[in-house]
Amino acid sequence: MSAQAIDLRSDTVSKPTVAMREAMARAAVGDDCYGDDPSVNELERRVAQLLGKPAALFVPSGTMANQLAVATHTRPGDALACMVEAHVQVHEDASPARLSGVQAMEIGDRHGFSAADLDERISEERWGWPRVGLVWLENTLGLAGGRVWPLAQMQAIAELARTHARPLHLDGARLWNAHVASGCSMAELASVADSVSVCLSKGLGCPVGSLLCGELEFVARARASRHAFGGALRQAGILAAAGLHALDHHVERLRDDHRRARRLWQGLSDLSCWRAIEPETNIALFELPDRGDADLLCAPLREAGVLCYPNKYAEIRLVVHLGVDDNAIEQAIEWIRSVLG
Ligand SMILES: *Cc1c(COP(=O)(O)O)cnc(C)c1O
């Protein structure tokens, strides 16, 4: 691996900028468990307002935000209805089952599901299928390569969920990317859900942190469970200050990541070893023909200085983030072409 490797494994690998570190160093802090941390309080207030929800809760990770939503909305024995390859189903280590006694059940496909898919699933309860205690959306759709879930379809799902009195959670780890790509406001995208989680440590470039947003009573209950889950922090304002900085400086720049992911797609789509899928946001996917083992391509790319991993068995993902500029993208294209061309 060369010294100046280009890291396209994930948007979580970005490092805090100098300006972000300075904001963290200056942060006003207090003990957040007593509600005393002014930076955490300000971040919770701003994110709640941005998402059009009455309250927000700062937590260490997106997984914890999601699992607090599961624990707060459901009862043991419930099912959670999510699309195929949802993060909550694939990348959260069975925590709905382990922490809340809740079974994740897939409907639709990796690009989402329709109100009709959900309606069918709820109808099956008549024949003894588990009760859907929580409906689950994800935007952007991570495993599907950061696709934006169309708002009209999410609105139809929300209406159906309301009709059946089922709560709806939106995993918005990359909702910022959906906002920038679609032009819809964060509040519009969040309006379909009773609760929403957003990550600060993906495209926004913070070292740590996510928020769970929703009604006052919901967030109060999640706050109590946050302590039980081990996520109550003390002078967390050091971390919240990074989030406040990112809200001001790192949202609009996601456009650059999206443009660069498109450039990767464009620069690599004629290679015969894969089928390049046109990206909508910051993730470019490359699908291998004949169910080929994607790591057989990733391993030599890593050797050549382009850090990447399979998205799934026969698929490679390249993820753009604030640590990757235009020059790095051109260099990555050149190195990838020289290994695989
Ligand atoms: C990253 C991510 C999360 C949360 O991940 P953490 O690593 O726990 O912060 C949740 N959902 C989606 C879709 C994600 O991409």
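Residues numbered from 1 in each chain as written. Predicted model: local features only at pLDDT ≥ 70, side-chain atom pairs only at ≥ 80, totals over all residues. Heavy atoms only, no water.

Moving on, we come to the pairing of strand 7 (residues 195-199). Within strand 7, five of the five residues are buried, which leaves it mostly tucked inside the rest of the structure. Burial along strand 7 is two-sided: the face carrying S195, S197 and C199 and the face carrying V196 and V198 are both buried. Note: strand 6 (residues 168-172) against strand 7, four bridges, orientation parallel. Across the sheet, the residue bridging to D171 is S197, located in strand 7. Sheet topology note: the strand 7/strand 8 (residues 210-214) ladder contains four bridges and is antiparallel. Bridge pairing links S197 to L212 in strand 8. (Buried < 20%, exposed > 50% of the residue type's maximum accessible area, 1.4 Å probe, protein only. Helix = DSSP H or I, 4+ residues; strand = E, 2+ residues; numbered from the N terminus. Pairing = 2+ DSSP bridges.)

What follows is about the site of the ligand. Within the structure, the ligand sits among S61, G62, T63, N66, H87, E92, E138, D171, A173, R174, C199 and K202. T63 places a polar side-chain atom, nitrogen or oxygen, 2.6 Å from an oxygen atom of the ligand. At 3.4 Å, a side-chain N or O of H87 approaches a nitrogen atom of the ligand. Contact with the protein chains covers 83% of the free accessible surface of the ligand, which is 380 Å². (Near = heavy atom within 4 Å. Polar contact = N/O pair within 3.5 Å; in protein donor to acceptor, adjacent residues only side chain to side chain. Areas by Shrake-Rupley, 256 points an atom, 1.4 Å probe, with all protein chains shown as cover.)

A separate point is the UniProt feature "domain: Aromatic amino acid beta-eliminating lyase/threonine aldolase" (unreviewed entry) in the protein. UniProt records the feature "domain: Aromatic amino acid beta-eliminating lyase/threonine aldolase" (unreviewed entry) at residues 7-286, using the numbering of this structure. Helix makes up 43% of residues 7-286 and strand 16%, with an end-to-end C-alpha separation of 17 Å. (UniProt positions renumbered as here; feature names shortened; annotations may be inferred.)

Let us now look at the environment of W129. Looking at the secondary structure, you find W129 in the loop between helix 6 (115-123) and strand 5 (132-138). Distance from W129 to A79, taken between C-alpha atoms, is 9.0 Å for residues 50 residues apart in sequence. Not counting residues within four places of it along the chain, the set of residues in contact with W129 comprises M105, R121 and E124. (Contact = heavy atoms within 4.5 Å.)

Before going further, it helps to examine the domain arrangement of the protein. Segmentation of the protein into domains returns domain 1 (18-250) and domain 2 (252-340). Computed from C-alpha atoms alone, the centre-to-centre distance between domain 1 and domain 2 is 28 Å. Facing the 21 residues of domain 1 at the interface are 15 residues of domain 2. Sorting the residues of domain 1 by area buried against domain 2 places N177, V180 and H250 first, and these three jointly supply 33% of that buried surface. For the pair domain 1 and domain 2, the interface holds two salt bridges. Close ionic contact of E315 with R110 constitutes a salt bridge, the shortest N to O distance being 2.8 Å. Our enumeration of links across domain 1 and domain 2 arrives at six residue pairs in polar contact (both at pLDDT 80 or more). (Domains from an automatic or database assignment. Buried area = accessible area lost by both parts, 1.4 Å probe. Salt bridge = Lys/Arg side-chain N within 4 Å of Asp/Glu carboxyl O.)

This part takes up the sheet that holds strand 12 (residues 309-312). Ordered in space as 9-10-13-12, the four strands form an open sheet in which the pairing is antiparallel. Edge strands, defined here as strands with exactly one partner in the open sheet, are strand 9 (275-277) and strand 12. Here the strands of the sheet are splayed against their neighbours by 35° on average, with no regard to which way each runs. Pairing geometry for strand 10 (residues 283-287) and strand 13 (residues 315-319), over five bridges, is antiparallel. If you follow L285 over to strand 13, its bridge partner there is R317. Contacts from helix 12 (residues 254-268) reach strand 9, strand 10 and strand 13, with the element oriented near 25° to strand 10. (Axes fitted to C-alpha atoms, helices over the stretch in contact; angles between N-to-C directions.)

Moving on, we get to helix 12. For helix 12, which comprises 15 residues, the first-to-last C-alpha distance of 21 Å matches the rise-based estimate of 21 Å (1.5 Å per residue) to within 8%. Where helix 12 is buried, its residues contact helix 8 (175-182), strand 9, strand 10, strand 13 and helix 14 (326-340). (Expected span 1.5 Å × (residues − 1).)

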